[in-house]
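# Understanding the architecture of this molecule
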Amino acid sequence: MSRPAAWPLLLAAIPLLAAAAPTPRVAFTGSGDPEAALLPLDAEARRLRDRGLALFNTDHVAAGTEGAAAIDGLGPVYNAASCDACHNSGHRARGPIVDGPAPLPLVIQLGTASGTANASPYGAVLNAQALPGVAVEGRATLRFDHLDGRYPDGQPWRLRRPRYPIDAVARARLPAGTVIRPRIAPPVFGMALIEAARLPSPGRFGWQAAVPSLAEQTAIAYAHEMGITSRLRPQPDCGTGDRACLEAANGGVPEVADRDFDAVLALQRSLPVPAEAPLAADAEAAGRALFIDTGCSGCHVVQLPVDGIAGLDTITAWSDLRSHDLGPGLADRDLADRPQPTRFRTAPLWGLAAARAKAPLLLLHDGRAASVEEAILWHGGEASAARAAFEKQTATARALLIRWVEGR
Amino acid sequence: MMPLLARLGLSLLALAMGSPASAQEPAGDGCQAFRWNVSAERALFAGAGKALDAGRDAASAAPLLPAQLAVVRLPAQDTVNYARPPAKPRLADGAHGGLLRFTVPSDGEYRVALSSAHWIDVVDGATLLPSLDFHGASGCAAPRKLVRYRLPGGRPLLLQFSGAVDSTVRVTVTPEP
């Protein structure tokens with residue numbers, strides 16, 4: 001599955017925790033980096049984390065596979081056999097996102113206009129893989145066309161606009177009201193900090209901040225993307241009437257042992273946020289000022305209070321972790337191609353420098369934006385004023401702002 | 001605000017409705033999904049391969065010839081002593097693994113292609129060689145994944161398999177086209 005590229009392995013990355021210190025950042029090269037831990041781990045915690053890492057990386061297998069009780073129960077319909085297949089050593093999914101069959105880490109969720117999931121004969125996710133002898137639920141194809149525009153100074157820009165025709169569905173038509181919700185696998189570092197953020201309401205995980213806890217998000221991943229049950233999700237994501245799925249042999253009740261579930265949580269909580277790549281001092285200060293003056297920091301906030309981590313009062317995720325309506329351009333669409341109002345979590349900008357080093361960049365909830373500039377130009381709705389302020393800047397100022405964002 | 005362009009006919013969702021039988025394989029042949037040029041590998045994987053038994057350690061690693069398909073039997077992973085720990089730790093539960101040795105004629109970029117989802121490492125002396133890139137098609141086994149390396153020519157290297165349950169794997173080493 002995913003392989004770390006040839007990155008320098010920086011050892012002895014010590015977490016920097018001090019009162020009101022900025023977000024602890026270490027030279028995180030990937031989940032396999034043995035020394036990278038957000039918070040110090042004692043021997044027992046280290047063992048749990050290491051087991052979690054192995055579980056995260058391991059391809060799960062069909063129920064009953066000999067000698068594989070800890071990792072059996074995959075499917076029978078699923079999207080990928082391991083967390084790492086989508087979550088790329090803890091980093092955001094690996095590209096490219098181009099015309100053709102939707103790649104495995106781009107998950108097609110199925111919803112309804114009112115926002116409820118599970119309204120389809122395929123459950124919450126269109127599972128694109130299946131065990132031998134079981135029908136795949138369906139697959140999506142990516143088709144891009146272009147949106148062209150100009151900045152007020154005349155400089156042209158171009159965006160790639162995706163559509164998601166569903167190639168085939170196995171047993172039944174999708175109901176007319178179905179909303180197609182494409183979602184690319186986000187990074188899973190800094191999870192302990194997102195858990196600790198003090199927010200007005202519990203939802204914080206996922207591209208829509210709809211999920212309140214890391215445990216819940218992990219249980220959803222096992223059930224929806226891998227077809228594996230856990231203590232929080234005793235059922236996999238079978239569609240209604242999918243007898244083959246509902247009656248399939250199980251790999252234990254639940255399929256993930258509680259201790260292993262805890263290990264996968266421990267691994268995710270241990271992953272630190274990759275280091276920034278700051279610009280030269282003057283440019284760094286000017287870029288940050290532009291980011292604030294342009295109104296970006298209204299949502300991509302500079303500081304967020306956290307609770308429960310000794311010595312840490314605030315983090316800089318460059319996100320309020322709240323959801324906002326960015327307009328019909330980004331909104332999910334129903335089968336008749338009508339945009340449905342959709343709220344997305346302000347995407348944390350931490351880790352962008354590391355993501356850029358692993359180019360191609362896949363930004364926004366479906367990976368459509370291949371650059372920071374494209375991501376900004378997709379902002380509408382509640383972010384219209386900030387987007388307009390960005391467009392009105394001089395080409396030099398825009399370039400500086402983009403470079404500064406690329407360095408987070 | 002994002003300007004919204006007129007919708008193109010292209011963008012309508014096409015729901016291909018086959019009979020349940022024809023819908024078994026909605027996306028067609030999984031081996032068509034590669035974005036790399038895999039014609040050399042596809043041709044080798046279509047032929048008969050040379051049977052090999054993977055070694056349980058560096059000393060017993062079986063010889064693999066470049067540009068030839070090998071069909072490799074793997075022992076249970078918990079009986080294998082790797083020359084270096086695999087770069088991606090996975091559980092050994094139910095897994096099969098093992099080692100082969102091979103030599104490429106000259107320095108350059110090569111691909112290892114395999115039929116399974118095993119994690120592979122190439123070991124040069126005491127060092128794990130970093131991979132340059134990888135690619136795969138989960139719906140295909142001929143091959144299923146390819147990993148690209150820059151390899152030193154003229155000296156023996158080890159190829160380590162770990163972390164998947166399959167007890168046989170078909171494998172080739174070919175120059176990057």
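This text follows the structure it describes.
First things first, this report covers the structure right here in the doc.

Quick look at the sheet that holds strand S4 (residues 106-111) of chain A now. Ordered by their spatial adjacency, four strands build an open sheet running S4-S9-S14-S15 (chain A), and the pairing between neighbours is antiparallel. The sheet is open, and its two edges are formed by S4 and strand S15 (339-340) of chain A, each paired on a single side.

A separate point is the packing of aromatic side chains. One pair of aromatic rings is described through two measures. These are the centre distance and the angle between the planes. Residues and elements named next belong to chain A. Evaluated as defined, the whole model comprises five aromatic pairs over all chains. Taken together, Phe291, Trp318 and Trp404 form an aromatic cluster joined through their ring pairs. The cationic tip of Arg368 hangs over the ring face of Trp378; the distance from NZ or CZ to the ring centre is 4.4 Å. Above the plane of the ring of Trp404 lies Arg408, whose end atom (NZ or CZ) is 4.0 Å from the centre.

Right, let's get into the sheet that holds strand S8 (residues 133-136) of chain B. Residues and elements named next belong to chain B. Strand order in this open sheet of six strands is S1-S3-S11-S5-S9-S8, and the pairing throughout is mixed. The sheet is open, and its two edges are formed by strand S1 (50-53) and S8, each paired on a single side. Adjacent strand axes in the sheet meet at a mean angle of 25° when their direction is disregarded. Packed on one face of the sheet, helix H1 (residues 39-46) meets strand S5 (108-114), strand S9 (145-151) and strand S11 (168-175) and runs near 140° to S11.

Residue and element names in this part refer to chain B. Extensive coverage of S5 is indicated by the burial of six of its seven residues. The pairing of S5 with S11 spans five bridges and is antiparallel. Each residue of the ladder has a partner; that of Val112, found in S11, is Val173.

Conventions used here
- Counting starts from 1 at the beginning of each chain's written sequence and moves along it residue by residue.
- Key to labels: chains lettered from A, ligands numbered from 1, both in the order written.
- Given that the model is predicted, a residue must reach a pLDDT of at least 70 before its local features are reported, and side-chain atom pairs must reach 80 or more before they are shown or counted; all residues, however, enter totals for whole chains, interfaces and linings.
- Only heavy atoms go into the side-chain values, all of them from the structure, while hydrogens and water stay out.
- We treat two strands as partners when DSSP finds at least two bridges between them.
- Here a strand is any run of E in DSSP of at least two residues, a helix any run of H or I of at least four, and the numbering for each starts at the N terminus.
- Stacked, tilted and edge-to-face pairs are distinguished by plane angle, under 30 degrees for stacked and over 60 for edge-to-face with tilted covering the rest, among Phe, Tyr and Trp rings (Trp via its six-membered ring) whose centres lie within 6.5 Å.
- A ring is scored as having a charge over it whenever the NZ atom of a lysine or the CZ atom of an arginine sits within 6 Å of its centre and within 35 degrees of its normal.
- The axes used here are C-alpha line fits, helices contributing only the stretch in contact, and every angle between their N-to-C directions lies in the interval 0 to 180 degrees.
- The criterion used for residue contact is that any of the two residues' heavy atoms lie within 4.5 Å.
- Exposed residues in this analysis have more than 50% of their type's maximum accessible area, buried residues have under 20%, and partly exposed residues fall in between, with area computed by a 1.4 Å probe over protein chains only.

Nothing here speaks to function; it is all geometry.
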